[in-house]
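Architecture and fold: a report
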Amino acid sequence: VSISSLLIVAVSVLPSLTGGFDTVVGAAPGVTGQARLYWAQTSGSNNGIFWRNLDGSGSATKLVTTGATDTDAGGMTLDPRNGYVYWTNCGSQLTLSRAKLDGSGGADLRHTTSGGCPWGIAIDHGAQKVYYVDWTAGGLYRTEMDGTNQVTITPTGGSTINSPSDLLIDPVQG
């Protein structure tokens, strides 16, 4: 199964897998040996990060994220190599957070200081860096996998980043 066909399947089956979700802001198919779909639910009484088997078996399960903020999750990405799901929080807590895919808890890695709304997130697995964008502040940032050493990436040539909502890493072009 190719990544693109897996993503198409994930998007088409999401409503039936989540069992009547309220708001799903991000979804990422799992690649940890089981085909799982992960999503963030941010409204209603049951906020958090959830997963379900992609084939529809089992029920939606809330991932244990103890130690991490998961009430206002925005963008999400998986790090199957190290066994984590990462997400941004845009709400009362502006954080970059992660939790173990095995359900053994999580942590807020960084409280953003941009005063904006961290949203899209991606991982450069080769360099072991996390990148995220801030919707309100128009920023692009890079940190270590543990949230340390944040660097602001400034566009060249006088260009600006206006209301970025997501980003992708192209491992081929570098």
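Heads up: these notes are all about the structure in this document. (Residues numbered from 1 in each chain as written. Predicted model: local features only at pLDDT ≥ 70, side-chain atom pairs only at ≥ 80, totals over all residues. Heavy atoms only, no water.)

To continue, consider the overall build of the protein. Within the protein one finds one helix and 12 strands. Scanning the protein from its N terminus toward the C terminus, one meets helices and strands in the order α-β-β-β-β-β-β-β-β-β-β-β-β. Burial status across the protein gives 43% buried among its 174 residues. Of all intrachain contacts in the protein linking residues separated by at least 6 positions in sequence, the fraction that spans at least 24 positions is 37%. (Helix = DSSP H or I, 4+ residues; strand = E, 2+ residues; numbered from the N terminus. Buried < 20%, exposed > 50% of the residue type's maximum accessible area, 1.4 Å probe, protein only. Contact = heavy atoms within 4.5 Å.)

To continue, consider the sheet that holds strand E10 (residues 129–134). With antiparallel pairing, the four strands of this open sheet are ordered in space as E9-E10-E11-E12. Whereas interior strands pair on both sides, the edge strands pair on one side only; in this sheet they are strand E9 (118–124) and strand E12 (151–152). Relative to E10, E9 runs antiparallel, the two being bridged by five bridges. Looking across to E10, one finds that Pro118 is bridged to Asp134. (Pairing = 2+ DSSP bridges.)

In this section: the nonpolar core. Counting residues in each nonpolar core, the largest one holds 13 residues, and the members touching the most others are Tyr38, Ile49, Leu63, Met76, Val85 and Trp87. Every element with two or more residues in this core is listed here: strand E2 (36–41), strand E3 (48–53), strand E5 (73–79) and strand E6 (84–89). The element that contributes the greatest number of residues to this core is E5, accounting for three residues. Tyr84, Tyr86, Leu96 and Ile123 belong to the second largest nonpolar core, which has 10 residues in total. (Core = buried A, V, L, I, M, F, W, Y, C linked by side-chain atoms within 4.5 Å.)

Bringing the pattern of salt bridges into the picture now. Considering all chains together, one arrives at one salt bridge under this definition. A salt bridge links Glu144 to Lys129, with the nearest nitrogen and oxygen atoms 2.6 Å apart. Residue Glu144 is located in strand E11 (residues 139–144), and its partner Lys129 is located in strand E10; the two are separated by 15 residues in the primary sequence. Since its relative accessible area comes to 24%, Glu144 is described here as partly exposed. (Salt bridge = Lys/Arg side-chain N within 4 Å of Asp/Glu carboxyl O.)

With that settled, the discussion passes to the pairing of strand E7 (residues 95–100). Most of E7 is tucked away, with five of its six residues classed as buried. Pairing geometry for E6 and E7, over six bridges, is antiparallel. Residue pairing for E7: Val85 is matched across the bridge by Ala99. The turn linking E6 back onto E7 is made up of five residues.

Attention now moves to the state of the cysteines. For the structure on display, the rule yields one disulfide. Linked covalently through their sulfurs, Cys90 and Cys117 form a disulfide whose S-S length is 1.5 Å. An S-S torsion of about -125° defines the bridge between Cys90 and Cys117 as left-handed. Highlighted residues: Cys90 in the loop between E6 and E7 and Cys117 in the loop between strand E8 (106–111) and E9, separated in sequence by 27 residues. According to the relative accessible area criterion, Cys117 is buried, its value standing at 8%. (Disulfide = S-S within 2.5 Å.)

This part takes up the side chain of Asp79. Its place among the elements puts Asp79 in strand E5. Not counting the four nearest positions on each side in its chain, Asp79 is found in contact with Tyr84, Tyr86, Ile123, His125 and Met145.

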